Amino acid sequence: MSFIEVKNVSKTFKVSRRKAGVIGAAANFFVPKFEKKEAVKNISFSIEKGEAVGFIGPNGAGKSTTVKMLSGILYPNSGEINVGGYIPYKQRKHIRARYRNDYSKYLHQKGDNSMRLPPYFAYGKKSFLNRSAYRFDNIMGIISTCLQFLIFWEIYKALYGTSTDIDGITMPMVTTSFILSMGLSAIFTPDDYFLPSKIWDGSIATEFLRPISFKGRMIAENIGNALFDLLFRFAPCLIIALLTVGVNPPANPLMLVLFILSAILGFGVLWTISFAVQMTAFWLINIWSLITIKNVFVRVLSGTMIPLWFMPKELSAILNFLPFSSIYFTPVQIYLGQLSFEEIALKCGIQSAWIIVIYLLGDILWRKGQKKLIVQGG
């Protein structure tokens, strides 16, 4: 078998057919029409290892599309492709691993040890250092978080008035809930435009060729940002809150440990929600509206704006099993010692279940979206 084998490969794109004028644009909005464009039609060739070949043709002949299929960026509609014993669009992970191993050996032979640093750690470190370069932005972020907390604190202080508690919920408990929820929301800030921006500018094609997992890179960069926000946004806000209004201590040291564990799981829930929403960028030109709706649901139903203690009992019972309450409110309940060990195990199980379910949904969209991907030009 030749090193590169291409047999009867075809690739067709589905493109929108737009009518001219305002009326035509309105008609396309309500009744969109599409047509199929044949970029590559039933091509076959083979290339031996070490052989040098030229790939020429006029604009629109399908050169770039063919190369992207050979690289595993695009999926063919029909036919077979084999490169070095791999099917590029199905075994991209194996190709990345082989490339990285070969490149590491090459650098080692040259005496270059730069690849010894785990790549995901390097991406996380890069994100952390990039954030540190914007000092004014970070200062404004601290001020914004503190102002939000103080505004909500004043509102609830006025609502409580002279009352010591409402249905057993004291003002110090509400204060602690706001500080922890808003602090965690300052830390948990996944980049909702990480994938969409790369689809819009076409750089997603380059990302697919990197010898690392794209999803792994997303997680690594988000963790780098989260660690920065933990040290330089949440910690200063917590200190300010301790000096001004006070914060309840954890119920006991064990609850503090379980709070941290639940907060990590809460971050996982929020990240998978962001991941699933981002995957819709393969089908939608602009996902700003979806991201906005997602953010509203998270802020309202996670207990950040309104602690879920004050929700109607029927609604609160439903929210306890939805992913949103798992992000911030569950860790807060554990911190305050409101849950028994059995309830903590159940809540953490719900958090883990949502991480798995939402991630699998996002992964299905990820796999289907790659087949739909169109990258223009070369």
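In this text the structure is predicted, and so the values were computed from the model without any measurement.

Quick notes on the rules
Chains are numbered independently. Their residues run from 1 in the order of the written sequence. Where local features are concerned, this predicted model is filtered to residues with pLDDT of at least 70; where side-chain atom pairs are given and counted, the filter is 80 or more; whole-chain, interface and lining totals use all residues. Based on all heavy atoms of the structure, the side-chain values leave hydrogens and waters out of the count. Lines are fitted to the C-alpha atoms to define the axes, a helix being fitted only along its stretch in contact, and any angle between axes, read from their N-to-C directions, falls within 0 to 180 degrees. Helix and strand definitions follow DSSP, with helices as H or I runs of at least four residues and strands as E runs of at least two, each counted in order from the N terminus. Any angle between 65 and 115 degrees counts as roughly perpendicular, while under 35 counts as roughly parallel, over 145 as roughly antiparallel, and the rest as oblique. Left-handed is the label given to a crossing in which the near helix is rotated counterclockwise from the far helix by less than a right angle, and right-handed is the label when the rotation is clockwise. The contact rule is simple, with two residues in contact once any of their heavy atoms fall within 4.5 Å. Throughout this entry, Asp, Glu, Lys and Arg are counted as charged residues, while Ala, Val, Leu, Ile, Met, Phe, Trp, Tyr, Cys and Pro are counted as nonpolar. The remaining residues, Gly among them, count as polar. Throughout this description, the term salt bridge denotes a Lys or Arg side-chain nitrogen within 4 Å of a carboxyl oxygen of Asp or Glu. Only protein chains enter the accessibility calculation, which uses a 1.4 Å probe; a residue is then buried when its area is under 20% of its type maximum, exposed when over 50%, and partly exposed in between. A pocket, in this scheme, is an open set of points on a 1 Å grid over the protein atoms alone with protein on both sides within 12 Å along at least 5 of 7 lines, while a cavity is a set where a 1.4 Å probe fits but cannot get out; residues line either one if an atom lies within 4 Å of a point. Grid points are joined across faces, edges and corners, and a volume is the space filled by probe spheres set on the points. Expected span, for any helix, means 1.5 Å times one less than how many residues it has. Here the rule is simple: two strands pair whenever DSSP picks up at least two bridges between them. Polar contacts here mean pairs of N or O atoms no more than 3.5 Å apart (in protein, one a potential hydrogen donor and the other a potential acceptor; neighbouring residues in sequence count only if both atoms are side-chain atoms). The criterion for an aromatic pair is that two Phe, Tyr or Trp rings (for Trp, the six-membered ring) have centres within 6.5 Å, with stacked assigned to planes under 30 degrees apart, edge-to-face to planes over 60 apart and tilted to the rest. Whether a charge sits over a ring depends on NZ of Lys or CZ of Arg being within 6 Å of the ring centre and within 35 degrees of the ring normal. Put simply, buried Ala, Val, Leu, Ile, Met, Phe, Trp, Tyr and Cys residues joined by side-chain atoms within 4.5 Å make one nonpolar core.

*Asks:* I would appreciate a short explanation of the packing of helix α5 (residues 135-160) against helix α6 (residues 171-187) in the present structure.
*Replies:* For any two helices packed against each other, one specifies the crossing angle of their axes together with the interaxial distance. α6 packs onto α5 with a crossing angle of 155° between their chain directions and a minimal axis gap of 10 Å. On the basis of the axis angle, α5 is roughly antiparallel to α6. Of the two elements, α5 crosses α6, and the hand of that crossing is right-handed. Residue-level contacts link Thr145, Gln148, Phe149, Phe152, Trp153, Tyr156, Lys157 and Tyr160 of α5 to Met171, Val174, Thr175, Phe178, Ile179, Met182 and Ala186 of α6. Broken down by class, the residue content of the contact of α5 with α6 amounts to 11 nonpolar, 3 polar and 1 charged.

*Asks:* Explanation requested: the pattern of salt bridges in the structure shown.
*Replies:* Pairing between side chains of opposite charge can happen when their charged atoms approach one another. Tallying each qualifying case throughout the model produces 6 salt bridges. Among the ionic pairs, Arg131 bridges to Asp229, the shortest N-O distance being 2.6 Å. On the criterion of sequence distance, the pair formed by Arg131 in helix α4 (residues 119-132) and Asp229 in helix α9 (residues 214-244) is long-range, its members being 98 residues apart. Accessibility expressed as a relative area gives 18% for Arg131, which makes it buried. Taking the shortest distance from any N to any O, the salt bridge between Asp192 and Lys294 comes out at 2.9 Å. On the criterion of sequence distance, the pair formed by Asp192 in the loop between α6 and α7 (194-200) and Lys294 in helix α11 (residues 288-301) is long-range, its members being 102 residues apart. Here the residues in one salt-bridge network are Lys126, Arg217 and Glu221, joined through shared partners.

*Asks:* In this structure, what is going on with empty space enclosed by the protein? I would like to understand it.
*Replies:* If a probe as big as a water molecule is rolled over the atoms, it shows which places are left empty. Counted according to the given criterion, the structure contains 1 cavity of 30 Å³ or more. Its boundaries defined by the atoms lining it, the largest cavity holds a volume of some 130 Å³. Lining the largest cavity we find 14 residues, and of these Cys146, Phe149, Ile179, Cys237 and Ala241 sit closest to its centre. Elements supplying a minimum of two residues to the lining of the largest cavity: α5, α6 and α9. Ranked by residues supplied to the lining of the largest cavity, first place goes to α9 with 6 residues. Here the lining of the largest cavity is built from residues that sort into 11 nonpolar, 3 polar and no charged.

*Asks:* It is not clear to me how the layout of surface pockets should be interpreted in this structure. Could you clarify?
*Replies:* Roughly 520 Å³ of volume is contained in the second largest pocket. Taken together, 21 residues form the lining of the second largest pocket, with Ile187, Phe188, Leu230, Ala263 and Ile264 sitting closest to its centre. Secondary structure elements with two or more residues in the lining of the second largest pocket: α6, α9 and α10 (253-279). Residues belonging to the lining of the second largest pocket are distributed by class as follows: 20 nonpolar, 1 polar and no charged.

*Asks:* Any chance you could explain α5 here in plain terms?
*Replies:* An α-helical turn contains 3.6 residues, so any two residues separated by three or four positions project in the same direction. If you check α5, its first and last C-alpha atoms are 38 Å apart, about what 26 residues at 1.5 Å a residue would give, namely 38 Å. Of the positions making up α5, those classed as buried are Asn138, Gly141, Ile142, Thr145, Cys146, Phe149, Phe152, Trp153, Tyr156 and Tyr160. If you follow the buried residues of α5, they end up packed against α4, β4 (165-166), β5 (169-170), α6 and α9. Just beyond α5, the residue with positive phi is Gly161, at close to 60°.

*Asks:* What is the right way to read the side chain of Gln370 from this model?
*Replies:* Relative to the elements of secondary structure, Gln370 occurs in helix α14 (residues 341-372). Every residue in contact with Gln370, bar those within four places of it in the chain, is listed here: Ile73, Tyr75, Arg92, Phe208 and Phe282.

*Asks:* So what exactly am I meant to see when it comes to the sheet that holds strand β2 (residues 34-47) here?
*Replies:* Each strand in a sheet pairs with its neighbour through backbone hydrogen bonds, running either in the same direction (parallel) or in the opposite one (antiparallel). Taken in spatial order, the 3 strands make up an open sheet running β2-β1-β3, and their pairing is antiparallel. Bordering the open sheet on either side are β2 and β3 (78-83), each of which pairs with just one other strand. Shown here is a sheet whose adjacent strand axes are inclined to one another by a mean of 30°, direction ignored. Relative to β2, strand β1 (residues 4-16) runs antiparallel, the two sharing 10 bridges. By the bridge assignment, Ser16 is partnered in β2 with Phe34. Sheet contacts for helix α2 (residues 63-71): β1, β2 and β3; angle to β2, the most-contacted strand, approximately 65°.

*Asks:* What is the right way to read the environment of Glu221 from this model?
*Replies:* Secondary-structure assignment places Glu221 in helix α9. When the C-alpha atoms of Glu221 and Ser127 are compared, they prove to be 5.5 Å apart, with 94 residues separating the residues in sequence. The residues contacting Glu221, other than those within four sequence positions of it, are Tyr123, Lys126, Ser127 and Phe194. Among the polar contacts made by the side chain of Glu221, one reaches the side chain of Arg217 at a distance of 2.9 Å.

*Asks:* What is the right way to look at the packing of aromatic side chains in this model?
*Replies:* The way to describe two aromatic rings as a pair is by their centre distance and the angle between their planes. Within the structure shown, the criterion is met by 19 aromatic pairs. Consider the rings of Phe228 and Phe232, whose centres lie 4.8 Å apart with planes at 35°: the pair is tilted. With Phe228 and Phe232 both in helix α9, this residue pair falls 4 residues apart, about one helical turn. A connected cluster of aromatic rings, assembled from ring pairs, spans Phe194, Phe214, Phe282, Trp283 and Trp366. It is Lys198 that lies over the ring of Phe194; its NZ or CZ is 4.3 Å from the centre.

*Asks:* Honestly, the nonpolar core in this entry has me stumped. Any pointers?
*Replies:* Generally speaking, nonpolar side chains in soluble globular proteins are found buried as a group. Counting residues in hydrophobic clusters, the biggest one holds 48 residues, and the most contacted among them are Phe188 and Ile327. Among the elements of the structure, α5, α6, α9, α10, α11, α13 (329-335) and α14 are those that each provide at least two residues to this core. Among the elements that make up this core, the one with the highest residue count is α10 (10 residues). In contact with Phe188, not counting residues within four places along its chain, are Ala263, Gly266, Phe267, Leu270, Ile327 and Tyr328. Counting residues in hydrophobic clusters, the runner-up holds 32 residues, among them Val9, Ala205, Phe214 and Met218.

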